[in-house]
Amino acid sequence: MQILSNSRMGARSDAAVSRWARSAARAFRVQPIHATFVLVVAVVAFLGLYPCAYLLYGSVIDTPLGVPGHFTLGNYVHAYGDPAIYALIWSSFVFAAGSSALSVFLALLLAWITIRTNAPGRRLFEITAIIPNVMPPLLIAISWVLLLNPNNGLINVALTRGLGLRQSLFNIYSLPGLIFVEGMNLTPLAFLIIAAALKSMDPALEESGKTLGSSELGVAARITFPLMRPALLAAATLNFVRAIESFDVPAIIAIPARIDVFTTQIYREALGSFPPNQNLAAAYGVGILVIALICVYIYRSLTSRVETFATVTGRGYRPHSIDLGGWKYAASGVAFVILVMTLLLPLAVLLLVALLPFYHVPTWATLHTFTLDHFREILQNDRTYRAFGNSGFLAVAGATVCVLLAALISYFTVRTKIAGRSVLEALVFVPWAFPGVALALGLLWAYVDFPIPIYATIWILFIGYVTRFLPYGVRTVSSTVIQIHQELEEASKVCGAGYFATFRRILLPLMRPGVIAAWIVLATIFIREFSISIFLYSPGSEPLGPLLYFYYLDGNYGRMAAVGLAITLICALLVALAQRLSQSETG
Amino acid sequence: MIAAKLKHIGVFIGLFCLGSGTALAQSTAVTDAAKQEGKVVAYGSLESDTVEALKQAFQRKTGLQLEYWRASATKVMDRALSEYRAGKPIFDVVLTNSAPMHVLEKAGIFAKYESPAAKEFPSEAIDPVLGPRYRNVIIGIMYNKDLVKPADAPKNLQDLLKPEFRGKIVMPDPTQHTTTAQWLASLYKIMGKEKAHKFIDDLAATKPILVESLLPAARRVTSGETPIGITYIKYAYMYGKQGAPLDYVRLPKMLGDGHYITLSNKAVHPNAAKAFIDFFLGDQSMKLMAQLGEFVNLKGVYPPLPGADKIQFVQMDDFNGKGFAQLKKDYAQIFTR
């Protein structure tokens, strides 16, 4: 009887499923955009909410996941009950706001010089500006310590000896030092977002300004920069949150400077405590999530009138170059100084570390000790090749999937009026807001017992990367989509094209600078990703991030620098290729 | 199917021989069964270069593959616990230091395995639960000879308090770094309680430069950024052989931590794991580790660091989670005031 009943129920449910499938297929044919939207929401919700649900759950229980426990708010009381935490949140805010502002200022200056002026060497500056994005923050922080530490930092040593000073001029172990190094870390990402938007801008408004008698700089100040607001806010928001959750730079600089920020507190109290208190880490992570969601809300409010920013219209355009006259050399000089700080100096230090048997301040007497041993060691090690192979796959395949998803999400959230689009945007940003290490824990918990056996394979890294870094792709692509005027899509639809034809033939080509910028951002992050990889990789699927970290952990700085240089070189070629593709479209 | 049967037969033979009692039979049976399994997966905090050298030797000797997942001790513990609690442990062997090992042991993760190689270790280096303490990581005072002449170098811990060394000492932040908190809390074992408390207060008053862990402390001494550091003294050998002008202070007694290797009770490759443990604790492996600068506990085997054979090792105290949290709180008041 029971069997009969089950079989009838089964037949009934089969029929229901079949009806649902037929109606879904019909809906897809009639309104494919809605079906695609639902599919994208489902994918994003699963990617983001599944691991985050584990973290949220972890934040309100009193035992590690996998161990039976009780509901508690004790983790939140512990995390936020001490008034001292608010002083740390404030110092983190100052640090993150300062770093973000510095990075956006430098990136805007560099993007404007390289894309909108006739400064000599601008193309070369444009290509090289993105390369520092491939350098792990850990390496950049170590480089700046070796350059600007007050005792034997190379720049300080050169200045004290050259100028006969009695005391070092700079001290990296300070709040300005911390902001400066994080700012250098964040500038390439801001540059990518701002440069993509600048490339997509119709010069008609600027030309009108000039016709009405405004000077070139007046046009830049009153027309170009205000029109750049979505991209500037996107870059500032991304970088602010990135700095808030950053641990690498504070670990190297803030601890010796005795500056406490939110992430050093999370490490001390939760992740670095013994044994690590993952429940408390999750409660801290939720705090950062709230900060990030507030940032997203502010960003959405400031860019909600998207029509204001629509500058890519149906008219043919080509961003024009501003003739700076004699000032063009000064502009090149400024761009060069920015690149020296973001790229050349850290690279030079890395090269020095890679060439010395052990790092010390080189003198004429120690020049003979320079060696290629560190490069030889990494070339003779199978582990290096395997790590390059794994990271290469994750960078190319992961960035491509992520960008496709980002393009669809940007289209839905910016371009359509579909109910629930703001939910989609919020879903994207949920995993981003957790500190990397906390999210990695959520991913580990979520996928270790997943029915599809992806745990202990490279696919868990793939899913982890896409989950965590999708917001980077969405922000970068969205800042370009916002600038595309709706008249182009309307014209396409009037001509009989469907949603997908319009998306593929009109929007995607116009989004191309943003899409390529997003791909570069993602591929360069993926190739050296660390915080997720360290938790989720298994023997055999080790990517470059953990390899670099273990060289650091084991004190093999020479090999770490040699691998860092190799990554930088490979990525420079990747960036140059992508830039060329981008230019062939817009130029 | 046949492979599965063979595997079961292999496991049966392995278990049978274990009961027979002779070390030789045990070792042979384990090796035979291990060959059916092909590889062993180890999670540990032992440095990758050391493991790489051991891996080559292990593969040459047994034909078995070693897959190694390296992380800091707490991450090793975290991952092993998470996998175990989820019922999906992919590790066969764990090798890390005492405190995380005891946490894992209390969680019921380990199987008891008495390796025949254990009998070569001195009895004081054998933990009743975790087995042989295969290496000691020893914390002491390391200095840069270009910046501090050996004659002017500190001779003991008290000398660190001298005015000439103020601001010239680097050490891990005890409010961040668990092992350093443990080291400070265990100083009483080599200094006496009152002296140790006063020393900690006075050391904090000299405003040492605080860094995230022991390695960055060594790096600063190696590069000459800071003349003196509290760090693992093995770095004096490891960086010294690359040409760095380093030496360490010959303290009469030095505190440190012990490291262990243990078998998971849900090992996917139990026999390969046992074969690895046998090899790892054996003579060849211990000598290889010592050559790379490790203080192993095999009788008469020392790293090539001058004076290594005269070092009197004192095991630091172990603390539980609450104990460490209290220590970090106490040191936050002392070191950041």
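Conventions we followed
Residues numbered from 1 in each chain as written. Chains lettered and ligands numbered in written order. Predicted model: local features only at pLDDT ≥ 70, side-chain atom pairs only at ≥ 80, totals over all residues. Heavy atoms only, no water. Helix = DSSP H or I, 4+ residues; strand = E, 2+ residues; numbered from the N terminus. Rg over C-alpha atoms; globule rule 2.2 N^0.38 Å. Buried < 20%, exposed > 50% of the residue type's maximum accessible area, 1.4 Å probe, protein only. Contact = heavy atoms within 4.5 Å. Areas by Shrake-Rupley, 256 points an atom, 1.4 Å probe, with all protein chains shown as cover. Lys, Arg positive; Asp, Glu negative; His and termini not counted. Charge placed at Lys NZ, Arg CZ, Asp CG, Glu CD. Buried area = accessible area lost by both parts, 1.4 Å probe. Salt bridge = Lys/Arg side-chain N within 4 Å of Asp/Glu carboxyl O. Polar contact = N/O pair within 3.5 Å; in protein donor to acceptor, adjacent residues only side chain to side chain. Nonpolar A, V, L, I, M, F, W, Y, C, P; charged D, E, K, R; others polar. Core = buried A, V, L, I, M, F, W, Y, C linked by side-chain atoms within 4.5 Å.

So, on to the overall build of chain B. Assigned secondary structure in chain B consists of 13 helices and 13 strands. Taken over the C-alpha trace, chain B has a radius of gyration of 22 Å; the compact-globule value for 337 residues is 20 Å, and the two agree within 12%. Its C-alpha atoms put chain B at 75 × 40 × 30 Å along the principal axes. Within chain B, buried positions represent 60% of all 337 residues. Considering only intrachain contacts with a sequence separation of at least 6, the fraction spanning at least 24 residues in chain B is 77%. Looking at chain B as shown, the accessible area adds up to about 13400 Å², and 56% of this sits on carbon and sulfur atoms. Here chain B holds 43 positive side-chain charges and 33 negative ones, and the gap between their average locations is 1 Å.

Check the secondary structure of chain A and you find 25 helices and zero strands. Burial analysis of chain A (587 residues in total) assigns 58% to the buried set. When the accessible surface of chain A is totalled, it reaches about 23200 Å², and 68% of it is carbon and sulfur.

With that out of the way, let us pick up the interface of chain A and chain B. Facing 52 residues of chain A, the contacting portion of chain B comprises 54 residues. Between chain A and chain B, roughly 4600 Å² of surface is buried when both sides are summed, and carbon and sulfur atoms account for 53% of that area. Across the contact surface, chain A and chain B share two salt bridges. Taken together, the links from chain A to chain B amount to 20 residue pairs in polar contact (both at pLDDT 80 or more). Elements with a contribution of two residues or more to the side of chain A that touches chain B: helix H6 (137–148), helix H12 (248–257), helix H13 (262–271), helix H19 (436–448), helix H23 (533–536), helix H24 (544–553) and helix H25 (557–586) of chain A. Per-class residue counts for the side of chain A that touches chain B are 34 nonpolar, 12 polar and six charged.

This part covers the environment of Lys155(B). All names here are of chain B. As for its placement among the helices and strands, Lys 155 is situated in the loop between strand E6 (131–144) and strand E7 (169–172). The sequence separation of Lys 155 and Ser 123 amounts to 32 residues, and the corresponding C-alpha distance is 32 Å. Ignoring anything within four residues of it in the chain, the contact list for Lys 155 reads Pro 150, Val 249, Arg 250 and Leu 251. Within polar-contact distance, the side chain of Lys 155 engages the backbone oxygen of Ala 151 at 3.0 Å.

Attention now moves to the nonpolar core. The biggest cluster of nonpolar side chains holds 275 residues, and the ones touching the most others in it are Ile194(A), Leu187(B) and Phe335(B). A total of 15 residues in this core trace back to one element, the largest contributor, which is helix H8 (residues 175–199) of chain A. Residues Val51(B), Leu64(B), Tyr113(B) and Val301(B) belong to the second largest nonpolar core, which totals 35 residues.

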